[in-house]
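# What the coordinates show
Spelled out, the chains give:
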Amino acid sequence: AGVVIESSLDKFKGPIATILVRNGTLQKGDQIMVGGIKGKIRGMFDKFIGQLKSKKYSVKGEILVQPYIKEASKRFDVDDKLIREIIKKESSFRLDEDYLKCKRKFPYEGSCGLMQIGELAYKDVQRDKNYKTECTWEQAKTDYRCNILVGTAYFKQQLKRFGDVKLALAAYNWGPTIVDEKCGKTYESCSYLPEITKDYVETILWIYQLSGPGLTV
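Residues numbered from 1 in each chain as written. Predicted model: local features only at pLDDT ≥ 70, side-chain atom pairs only at ≥ 80, totals over all residues. Heavy atoms only, no water.

### Considerations on the side chain of N147
Cut-off, in case you're wondering: Helix and strand assignments follow DSSP, with helices taken as H or I runs no shorter than four residues and strands as E runs no shorter than two, numbered in order from the N terminus. Within 3.5 Å is the distance limit for a polar contact, defined as a pair of N or O atoms, with the added protein rule that one can donate a hydrogen and the other accept it, and that residues adjacent in sequence qualify only through two side-chain atoms. We call two residues contacting when some pair of their heavy atoms lies within 4.5 Å.
Among the structural elements, N147 can be located in helix α7 (residues 144-162). Here the side chain of N147 touches L114 through a polar contact of 3.2 Å, landing on its backbone nitrogen. Setting aside anything within four residues of it in sequence, one finds N147 in contact with C112, G113, L114, M115, Q116, I117, Q139, A140 and K141.

The structure is reproduced here in structure tokens:
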């Protein structure tokens with residue numbers, strides 16, 4: 001099952017829909033319904049790995065890393081529901097090696113693991129005594145617990161820096177320096193945000209708010 005986030009009609013590709021897979025597997029040829037209109041999936045694309053034959057949300061993966069999410073939530077004072085939604089958007093909780101290995105394709109090269117952490121983000125966390133972890137960079141890349149701890153610490157850094165959840169998510173996705181340049185004190189004041197970042201922020205918050213937020217900033 002899944003949720004259609006948005007849909008549009010492309011001049012060359014035809015009907016296009018952005019879908020969040022909540023459970024199970026979505027495959028080419030499956031039937032979907034958008035606004036009462038049925039259609040068949042002719043192709044799928046993932047922003048991190050390109051063309052797909054299927055898109056899977058891993059319930060097993062989410063259950064397996066729950067203790068690490070709870071630990072990160074308590075340690076860095078970030079709502080565990082929000083951490084889950086970030087992981088869901090970044091990696092769909094998939095634990096297979098091919099999906100979690102560090103990306104090589106621009107603009108996501110160097111992003112690793114469940115929370116898609118880069119080495120620069122890791123170094124930012126380790127330089128801050130309030131958020132420094134006991135994890136090495138190699139552990140942050142490959143170890144589920146360390147990846148979630150470092151990813152959550154980095155997100156918390158952005159919350160403290162910007163004081164706004166939307167800006168913090170934008171910074172996590174696009175980078176804090178460029179968000180500083182393009183945005184004021186609110187998300188709505190941004191002079192420019194790429195569509196992929198807008199989708200990232202709005203999808204995470206939309207699903208997060210449905211689950212009943214309890215965020216501390």
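Read on, since the account is not over.
### A few points about the state of the cysteines
Our working rule: Two cysteine sulfurs form what is called a disulfide whenever their separation falls within 2.5 Å. Relative accessibility under 20% of the residue-type maximum defines a buried residue, over 50% an exposed one, and the middle range a partly exposed one, all with a 1.4 Å probe and only protein chains included.
Following the criterion strictly, the structure yields three disulfides and no others. Bridging C135 to C146, the disulfide has an S-S length of 2.2 Å. Across the S-S bond of C135 and C146 the torsion is about -80°, and the bridge reads as left-handed. Highlighted residues: C135 in the loop between α5 (119-127) and α6 (137-142) and C146 in helix α7, separated in sequence by eleven residues. Look at C135 and you get buried, because its relative accessible area is 2%.

### Describing the nonpolar core
Burial of nonpolar side chains together is a common tendency in soluble globular proteins. To keep it simple, the criterion reads: Working definition of a nonpolar core: buried Ala, Val, Leu, Ile, Met, Phe, Trp, Tyr and Cys residues. They are joined through side-chain atoms within 4.5 Å.
The biggest cluster of nonpolar side chains holds 48 residues, and the ones touching the most others in it are I86, I148, F155 and L169. Elements that contribute at least two residues to this core include exactly α2 (66-76), α3 (80-91), α5, α6, α7, α8 (165-174) and α10 (195-210). For this core, the element with the most residues is α7, which contributes nine residues. Filtering out sequence-adjacent residues up to four positions away, I148 remains in contact with V65, Y68, I69, A72, I83, I87, L114 and M115.

### Some remarks on the pattern of salt bridges
Note the following rule: One side-chain nitrogen of Lys or Arg within 4 Å of one carboxyl oxygen of Asp or Glu is enough to make a salt bridge.
Throughout the structure, instances matching the rule amount to 13 salt bridges. In this structure, the salt-bridge partner of R84 is D80, at a minimum N-O distance of 2.8 Å. Taken together, the positions of R84 and D80, both in helix α3 and four residues apart, correspond to about one turn of that helix. D80 carries the same exposure label as R84, and that label is buried. For E195, the salt bridge goes to K198, with nearest N and O atoms at 3.4 Å. Linking E195 with K198, this pair stays in helix α10, spanning three residues, or about one helical turn. Residue classification places E195 among the exposed residues on the basis of a relative accessible area of 58%. In this structure K198 comes out as partly exposed when scored by relative accessible area, which is 29%. By sharing partners, the salt bridges in this structure join E71, R75, E134 and R145 into a single network.

### Section: the packing of aromatic side chains
The description of two aromatic rings rests on the distance between their centres and on the angle between their planes. The condition that has to hold: Stacked, tilted and edge-to-face are the three classes assigned to paired rings of Phe, Tyr and Trp, where Trp is represented by its six-membered ring and a pair needs centres within 6.5 Å; plane angles under 30 degrees give stacked, over 60 edge-to-face, the rest tilted.
The tally for this structure, following the rule as stated, stands at five aromatic pairs. With a centroid separation of 6.3 Å and 70° between ring planes, the pair formed by F155 and Y172 is classed as edge-to-face. Of the two residues, F155 is situated in helix α7 and Y172 in helix α8; the sequence distance between them amounts to 17 residues. One aromatic cluster is present, built from ring pairs that chain together Y154, F155 and Y172.

### A short note on α5
Put simply, the rule is: It is the directions from the helix axis to the C-beta atoms that the arc portrays.
When α5 is considered as a whole, its buried residues turn out to be A121, Y122, V125 and Q126. One face of α5 carries all of its buried residues, which in axial projection span an arc of 135°. Of the residues in α5, the exposed ones pointing more than 90 degrees away from the buried face are L120 and R127. Where α5 is buried, its residues contact α6 and α7.

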